[in-house]
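Read off the chains here:
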Amino acid sequence: QVQLVESGGGSVQPGGSLRLSCTASGFTFDTYAMSWYRQAPGKERQLVAVITSAGVITFTADSVKGRFTISRDNARNTAYLLMNSLRPEDTAVYYCNAADYGRVYWGQGTQVTVSS
């Protein structure tokens, strides 16, 4: 059974940091590119960052560049999103995504709220 389980979300003050984790099971994790998306209330889902199966970062959204970093540990079947200097506009549900030659899997999402 394929599973992507996100964790690490929560509430944080502006300027704070969080690290999201996405742990995979049920498929060959190290052959899949991993991505993080986010969706704020009333808005479309937005691509945040992408990392290849080999660990090369191929995309970071301009709105988070210099603040967010995607990474992965293939030995742990886990992808990460390190988020620094958080802003209220980063508030959203964050989803991880695994993709490989037309096969796509999604996690259930984790809420990130940035507020003073």
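Residues numbered from 1 in each chain as written. Predicted model: local features only at pLDDT ≥ 70, side-chain atom pairs only at ≥ 80, totals over all residues. Heavy atoms only, no water.

S.K.: Describe unusual backbone geometry, listing the residues and the values that go with them.
M.R.: Working note: non-glycine residues mostly have negative phi, and peptide bonds are mostly trans. The phi dihedral of Asn77 falls on the positive side, at around 55°, and the residue is not glycine. Its place among the elements puts Asn77 in the loop between β7 (68–73) and β8 (78–83). Classification of Asn77 as partly exposed rests on a relative accessible area of 27%. Unusually for a residue other than glycine, Ser85 sits at a positive phi of about 50°. Of note, Ser85 is situated in the loop between β8 and β9 (92–100). (Helix = DSSP H or I, 4+ residues; strand = E, 2+ residues; numbered from the N terminus. Buried < 20%, exposed > 50% of the residue type's maximum accessible area, 1.4 Å probe, protein only.)

S.K.: Any chance you could break down the pattern of salt bridges for me, citing the residues and the numbers?
M.R.: Following the criterion strictly, the structure yields five salt bridges and no others. Taking the shortest distance from any N to any O, the salt bridge between Lys65 and Asp62 comes out at 3.2 Å. Residue Arg67 is joined to Asp90 by a salt bridge in which the shortest nitrogen-to-oxygen separation is 2.8 Å. You can see Arg67 sitting in the loop between β6 (57–60) and β7 and its partner Asp90 sitting in the loop between β8 and β9, a full 23 residues away along the chain. Like Arg67, the residue Asp90 is buried in the burial classification. (Salt bridge = Lys/Arg side-chain N within 4 Å of Asp/Glu carboxyl O.)

S.K.: Tell me about the packing of aromatic side chains, and please be specific about residues and values.
M.R.: What the rule picks out here adds up to five aromatic pairs. Judged by centre distance (5.7 Å) and plane angle (25°), the ring pair of Tyr32 and Tyr105 falls under stacked. One end of the pair, Tyr32, is in the loop between β3 (18–25) and β4 (33–39); the other, Tyr105, is in strand β10 (residues 103–106), and 73 residues separate them in sequence. By relative accessible area, which is 3% here, Tyr32 ends up buried. Note on Tyr105: relative accessible area 22%, which makes it partly exposed. (Phe/Tyr/Trp six-rings, centres within 6.5 Å; stacked < 30°, edge-to-face > 60°.)

S.K.: Go over the state of the cysteines, please, and point to the residues and values.
M.R.: Under the defined criterion, the tally for this structure stands at one disulfide. The disulfide that involves Cys22 links it to Cys96, with 2.0 Å between the sulfurs. Residues Cys22 and Cys96 are joined through a disulfide that is right-handed, its torsion about the S-S bond being 55°. Remark: Cys96 occurs in strand β9 and Cys22 occurs in strand β3; sequence separation between them is 74 residues. The pair Cys22 / Cys96 is uniform in exposure class, with both members buried. (Disulfide = S-S within 2.5 Å.)

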